[in-house]
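Coordinates in review
Here are the chains, one letter per residue:
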Amino acid sequence: AAAARRMPTSVQVYLRAADLESHDFAKKAVLRKALEANPNSVTLWKAAIDLEDADDAKILLSVAVEKVPHSVEMWLALARLETYENARKVLNQARKQLPTERAVWIAAAKLEESQNHGDVVDRIVDKAVRSLDKHDAVVMRAQWLKEAEAAEAAGAPLTSAAIVKCTVGRGVDDEDRQRTWADDANAALSRNAVATARAILAHGLAAFPTKRTLWLQAVDLERKHGTAASLDEVLEAASERLPRTEIFWLVRAKEKWLAGAVDESRSILTEAFKANPDSEPVWLAAVKLEWETGEIERARVLLARARERAPTARIYMKSALLERECRRFDEALELLEEGLRKYPTFAKMYMMGGQICSEDLAKDQIHLDRTRKFYQRGLQNCPNSVVLWCLASQLEERVAEYRSGSTNAGVTKARSLLELARLKNAKNPELWLEAIRLERRAGNEKLAVSLMARALQECPTSGLLLAENISTSPRVEQKSKSADAIKRRPDDPRVIAAVAALFASERKHDKARKWYERAVKLDPDVGDSWAKWYAFELDAGKKEGREDVKQRCIAAEPKHGELWCSVSKAMPDRRKSTAEHLEAAAQNILATMQKLN
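First things first, this report covers the structure right here in the doc. Because the structure is a prediction, the values reported are computed rather than measured. Counting from 1, residues in each chain are numbered in the order their sequence is written. Local features are withheld for residues below a pLDDT of 70 in this predicted model, meaning they are given only at 70 or higher, and side-chain atom pairs are given and counted only at 80 or more; totals for whole chains, interfaces and linings count all residues. Only heavy atoms go into the side-chain values, all of them from the structure, while hydrogens and water stay out.

This next bit is on the overall build of the chain. What the chain contains, in helices and strands, is 35 helices and zero strands. A buried classification covers 46% of the 597 residues belonging to the chain. Any two residues having at least one pair of non-hydrogen atoms within 4.5 Å are treated as being in contact. Residue pairs in contact within the chain that sit at least 24 positions apart in sequence constitute 53% of those at least 6 positions apart. By element, 51% of the accessible surface of the chain is carried by carbon and sulfur atoms, the whole surface being about 31200 Å². Each helix is a run of DSSP H or I of at least 4 residues and each strand a run of E of at least 2, with the numbering of both proceeding from the N terminus. For each residue, the accessible area found with a 1.4 Å probe, counting protein chains only, is set against the maximum for its type, and the residue is called buried under 20%, exposed over 50%, and partly exposed in between. Only the protein chains shown count as cover for residues, with accessible areas throughout obtained via the Shrake-Rupley method and a probe of 1.4 Å.

Written out as structure tokens, the structure reads:
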């Protein structure tokens, strides 16, 4: 008290005196005395208001804004406590007192948004920007975008969008607008400001309605953060603006199909045909829709039309595949022959012809010769097709199954084929790996080890070979092989998955899980990494861990990987889901592990 009498203008003294009081009424008395001596102290007004309930706080704030009209906090606090009509009046007064303060304008926009007055929000923000410019209030573009994100975080997405609309183009050169806005949207998303990013992209698309990259960015945003309706809306707009860009039609049709709206999906593809009558992807998407929904005859008719109006090698291959799946093997082979007459360098048709003859028809000398003929023609026209060389080699290795020669003779011929393949395709790790595995299957372990050493000399950074070397080496050498592989290819998912499998075999479960996580992050499209991780969780993990891996794999939709493709492309399993492919691949891995143990 003595200090207050001697230094009546010392705010800190009064605050300390209030703290020393044990009852709120006494604290209030001290602070009122302080305000009599220091009516312009924002700190004292804040301390006094904090002690009051809502009604009394409102009374104090109405006095405070008169005494300290420069305090934006006081105006905003009073507006928050008032009714809508009174709050508008308070904010109007605040704008007059603080013409260069953007927070007042933004508060007014949020107030209107809270009353669902969306059209007023845009007008307020536009007026705010012009008024601030008029009063020479310098607000940088980055500051406006920060305010937009803050408005979104406060639950005012319309205010956020209005701020973006009025300010995102300020100070940006015309030639830099598209790139700058794309970067702004990505930056906002990295801070979880989805509405702000959406508004930035909407503004960008209004200025650049035919820019494919911006539309793709908007589609990706809605797929990850929006609803099915918002995604469809963006895809529809993209299709209208860029009708010759097939991807938007196709994604929209697929989303409708996945949602069970098959008729809507058909309608979308019909519109896509009008805009892209000769498009292979649109024809194949229409075929897939009918195929997957069991309308085989419709799919067959569509493929026949496609072969007439927009023939391509892939359309012939899909035509043959449909007949193969329906077990109409003669029709499939006829289509392949017709396709090969038109597209003799399309390797996959030779592969399919050989596979039909060797896998689907009787295993006899006639079909062996027919398979050989397909592969020989394929290798003449496509000498760089590694898969064709491997299939031809595997066929010769299995000649005993066709009652045409001994196993040893088959292995010798397969070995010769692979040597010829490596001469024509030098430094190819897939061909080396096939040769190594051939020797292992034939029981020639020493020759396999020798071939691996030669292979790694020729392809020292091949993740495929390094991973195989880890998994097939003796247990005592696996650690050193792993260290060498990581040194050579630290970011190869196959190497990382092989190291993870080594940790799993040593029962180091936490380390194994960590390395599997790393493998799928490096390339989520490699299904083998997902299958190995899921097999590990089935063997040593818990239900929650298994379910998490499965859901993440389903979301990633992997398409590649040796083991994954052997399951997903097998004729009986082609139309199964990603989850079913994952289960089957993992069970194959576990079965192999049991045999080895």
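Once the structure has been displayed, the description carries forward.
Taking burial as the measure, the 10 residues of helix α28 (residues 463–472) include eight buried ones, the bulk of the element. Where α28 is buried, its residues contact α26 (429–441), α27 (445–458), α29 (475–488) and α30 (493–505).

Moving on: unusual backbone geometry. Even without being a glycine, arginine 327 presents a positive backbone phi close to 65°. For arginine 327, a relative accessible area of 59% translates into the label exposed. For glutamate 557, which is not a glycine, the phi torsion comes out positive at approximately 50°.

Quick look at the packing of aromatic side chains now. What counts as a ring pair is set by centres within 6.5 Å for rings of Phe, Tyr and Trp (its six-membered ring), and what kind of pair is set by the plane angle: stacked under 30 degrees, edge-to-face over 60, tilted for all other angles. Counted under the stated rule, the structure contains six aromatic pairs. Summarising the aromatic geometry, the rings of phenylalanine 503 and tryptophan 515 are spaced 5.9 Å apart at their centres and angled 50° between planes, so their arrangement reads as tilted. Separated by 12 residues along the polypeptide, phenylalanine 503 in helix α30 and tryptophan 515 in helix α31 (residues 509–522) bring together distant segments of the chain. Take phenylalanine 503 and tryptophan 515: they sit in the same class, and that class is buried. Only when the NZ atom of a Lys or the CZ atom of an Arg is both within 6 Å of the ring centre and within 35 degrees of the ring normal do we say a charge sits over the ring. The ring of tryptophan 432 is capped by arginine 422, whose NZ or CZ atom sits 4.3 Å from the centre of that ring. In this structure, arginine 518 packs its charged tip against the face of tryptophan 515, placed 4.8 Å from the ring centre.

We call a set of buried residues a nonpolar core when its members are Ala, Val, Leu, Ile, Met, Phe, Trp, Tyr or Cys and they connect through side-chain atoms within 4.5 Å of each other. With 106 residues, the main nonpolar core has Ile356, Leu388 and Leu465 as its most contacted residues. Counting residues per element, this core draws most heavily on α30, at eight residues. Not counting chain neighbours up to four residues away, the residues in contact with leucine 388 comprise Ala347, Tyr350, Met351, Tyr375, Gly378, Leu379 and Cys382. Counting residues in each nonpolar core, the second largest holds 52 residues, with Trp144, Ile163, Leu214 and Phe248 among its members.

Before going further, it helps to spend a moment on a positive patch on the surface. To count toward a patch, a residue needs a relative accessible area over 30% and no salt bridge; like charges are then connected within 9 Å, while nonpolar side chains (Val, Leu, Ile, Met, Phe, Trp, Tyr) are connected within 5 Å. A pair is scored as a salt bridge if a Lys or Arg side-chain nitrogen falls within 4 Å of a carboxyl oxygen belonging to Asp or Glu. When charges are tallied, Lys and Arg are placed among the positive residues and Asp and Glu among the negative ones, while His and the ends of the chain are skipped. For charged residues, the charge sits on one atom: NZ in Lys, CZ in Arg, CG in Asp, CD in Glu. On the surface, Arg223, Lys254, Lys288 and Lys559 cluster together into a positively charged patch. Note that lysine 288 resides in helix α18 (residues 280–292).

Looking at where arginine 241 falls in the secondary structure, it is placed in helix α15 (residues 228–241). Counting along the chain gives 30 residues from arginine 241 to lysine 211, while the straight-line C-alpha distance between them is 9.2 Å. When near neighbours in sequence (up to four residues on either side) are disregarded, arginine 241 contacts Pro209, Thr210 and Trp215.

Here the focus is helix α16 (residues 246–258). Helix span is expected to be 1.5 Å times the residue number reduced by one. Over its 13 residues, α16 runs 18 Å from end to end, which matches the ideal 18 Å to within 8%, given 1.5 Å per residue. Those residues of α16 that fall on the buried side of the exposure criterion are Phe248, Trp249, Leu250, Val251, Arg252, Ala253 and Lys256. If you follow the buried residues of α16, they end up packed against α14 (212–225), α15, α17 (262–275) and α18. Of the residues flanking the end of α16, it is glycine 260, one or two places downstream, whose phi is positive at about 90°.

Relative to the helices and strands, serine 160 is located in helix α11 (residues 157–167). Look at serine 160 and you get buried, because its relative accessible area is 0%. Within the structure, serine 160 has its side chain in polar contact with the backbone oxygen of alanine 148 (distance 3.0 Å). Among residues more than four places away in sequence, those in contact with serine 160 are Ala148, Ala151, Glu152 and Thr196. The term polar contact refers here to a pair of N or O atoms within 3.5 Å; inside protein, the definition further demands a hydrogen-donor-capable atom paired with an acceptor-capable atom, and it admits residues adjacent in sequence only when both atoms are side-chain atoms.

This structure, assessed with the given rule, holds 51 salt bridges. Across the salt bridge formed by arginine 179 and aspartate 176, the nearest N and O atoms sit 3.6 Å from each other. Between arginine 377 and glutamate 337 there is a salt bridge, with the nearest N and O atoms lying 3.0 Å from each other. Note that arginine 377 is positioned in helix α23 (residues 365–381) and glutamate 337 in helix α21 (residues 329–342), a separation of 40 residues in sequence. Classification of arginine 377 as partly exposed rests on a relative accessible area of 24%. It is possible to trace a salt-bridge network through shared partners that takes in Asp232, Glu236, Arg252, Lys256 and Glu264.

Right, let's get into the environment of arginine 198. Checked against the element boundaries, arginine 198 lands in helix α13 (residues 194–207). Between the C-alpha atom of arginine 198 and that of alanine 188, which follows or precedes it by 10 residues, the distance is 9.2 Å. Apart from residues no more than four positions distant in its own chain, arginine 198 is found in contact with Leu221, Glu222, His225 and Gly226.

The convention used is that axes are lines fitted to C-alpha atoms, helices contributing only their stretch in contact, and that angles between N-to-C directions extend from 0 to 180 degrees. At a minimum axis distance of 12 Å, the contact between helix α10 (residues 141–153) and helix α12 (residues 177–190) shows a crossing angle of 40°. If you check the angle between α10 and α12, you find them oblique. For the crossing formed where α10 meets α12, the hand is right-handed. From α10, Arg141, Leu145 and Glu149 reach across to α12, where they touch Thr180, Trp181, Asp184 and Ala188. Side-chain classes are defined by residue name, with Ala, Val, Leu, Ile, Met, Phe, Trp, Tyr, Cys and Pro counting as nonpolar, Asp, Glu, Lys and Arg as charged, and the others, Gly among them, as polar. Grouping the amino acids of the contact of α10 with α12 by side-chain chemistry returns three nonpolar, one polar and three charged. Orientation categories follow fixed angle ranges, with anything under 35 degrees roughly parallel, anything over 145 roughly antiparallel, 65 to 115 roughly perpendicular, and all other angles oblique. By convention the crossing between two helices is left-handed if the near helix lies anticlockwise of the far one by an angle smaller than a right angle, and right-handed if it lies clockwise.

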